[in-house]
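Fold and contact review
Here's the letter readout for the chains.
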Amino acid sequence: MTETASFPHRDLSIDQQLALRTAATHLGRQFDGTFGQETIERFLHTSYDQFASRSSIPNFLPLLAERFARQRLYALAKVEGHITDGKPVVLFLCVHNAGRSQMAMGFFQHLAGEGAVAWSGGSEPGHEINPSAIAAMSERGIDISREFAKPWTDEIVRAADVVVTMGCGDACPVFPGKRYLDWTLDDPAGRAVDDVRPIRDEIERRVRGLLDDLGVPAQH
């Protein structure tokens, strides 16, 4: 990342600046020939902005920004026709992206393997993943503890073949011609693990049905 592509409006530590430059280098290699460095750095900067105002752990911000920018750049590449692997992309949306949508993405990724792509997002992203959701998914051998709550962006919605909404109502994005599914599910927020298990099991049932509908064999 060049000096002009640093964050002059923020008081970043030397370690954070170095981490962001390293992230830009990683993304530049991955998307070399698809996007220019200016586009990559812009996506990295705006991804950083998505988390900076609500993160209590600033040292993790460059890593979160890199992960989110990578997803957004992949989405843009798909929208612009640079990626034509034929894999269906499903986007799971809820309010805080801390419970239902994270569990759905976890099941989808686990069951689909390399056969499809799953993303998740929230209309009002929370600060952390619901501990009861993490524990309930762990019981099924799926680790969502390293996931993070994030918003949706236009390119991510546009790249999705199916958008599954879970309780975000009018706040969920609506794009003409996009396939939408609305799953009515209880919110696991504030619930104990015992109360989250039935929600988890219903999400798994629906994810398996969606995979079957998409023609993607479940791996487990």
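Quick note: structure is the one above.
Described below are features of the structure shown in this document. Please read all numbers here as calculations on a predicted model, not as lab measurements. What you see as residue numbers is a count from 1 along each chain, following the sequence as written. In keeping with the predicted nature of the model, local features appear solely for residues at pLDDT of at least 70, side-chain atom pairs appear and are counted solely at 80 or more, and the whole-chain, interface and lining totals rest on all residues. For side-chain calculations, the full set of non-hydrogen atoms in the structure is used, while hydrogens and water are omitted.

Residues enter a nonpolar core if they are buried and are Ala, Val, Leu, Ile, Met, Phe, Trp, Tyr or Cys, with the set joined through side-chain atoms within 4.5 Å. Note on exposure labels: buried denotes an accessible area under 20% of the residue type's maximum, exposed denotes more than 50%, and partly exposed covers the range between, all computed with a 1.4 Å probe on protein chains only. The biggest cluster of nonpolar side chains holds 35 residues, and the ones touching the most others in it are Leu27, Phe35, Leu44, Leu73, Leu91 and Trp119. Counting from the N terminus, the helices are the DSSP runs of H or I reaching at least four residues and the strands are the DSSP runs of E reaching at least two. Mapped by element, the contributors of at least two residues to this core are helix H1 (14–30), helix H2 (37–52), helix H3 (61–79), strand S1 (89–94), strand S2 (117–122) and helix H6 (154–159). In terms of residues, this core owes the most to one element, H3, which gives nine residues. Segmentation into domains, and thus their bounds, comes from an automatic or database assignment. Both domains that meet at this core, namely domain 1 (14–84) and domain 2 (86–219), each give it at least three residues. Here, residues are in contact when the closest pair of their heavy atoms is within 4.5 Å. For Leu27, the contacting residues outside a window of four places in its chain are Ile40, Leu44, Glu66, Ala69, Arg70 and Leu73.

Our focus in this paragraph is the pairing of S2. S2 sits mainly inside the fold: six of its six residues count as buried. Side chains Val117, Trp119 and Gly121 project from S2 onto one buried face, and the interleaved Ala118, Ser120 and Gly122 project onto a second face that is buried too. Two elements, S1 and S2, share six bridges in a ladder whose sense is parallel. When the bridges of S2 are listed, Leu91 appears paired with Trp119. A clockwise course of the path from the first strand over the helix to the second, judged with the strands pointing away from the viewer, identifies a crossover as right-handed. In this view, the connection linking S1 to its parallel neighbour S2 by way of helix H4 (residues 100–112) has right-handed handedness. Only strands that DSSP links by at least two bridges are regarded as paired with each other.

Turning next to the sheet that holds strand S3 (residues 162–165). Strand order across the open sheet formed by four strands is S2-S1-S3-S4, with parallel pairing between neighbours. Each edge of the open sheet carries a strand with a single partner, namely S2 and strand S4 (179–182). Across the sheet, the mean angle separating the axes of adjacent strands is 20° when strand polarity is ignored. As paired elements, S1 and S3 share four bridges and run parallel to each other. Bridge assignment links Leu91 to a residue of S3, and that residue is Val163. Where helices are involved, their axes are fitted lines through C-alpha atoms of the stretch in contact, as for all axes, and angles between N-to-C directions lie from 0 to 180°. Set on the sheet, H3 makes contact with S1 and S2; between it and S2 the angle comes to about 120°. The strands touched by helix H7 (residues 193–214) within the sheet are S1, S3 and S4, with S1 carrying the most contacts at an inclination of about 150°.

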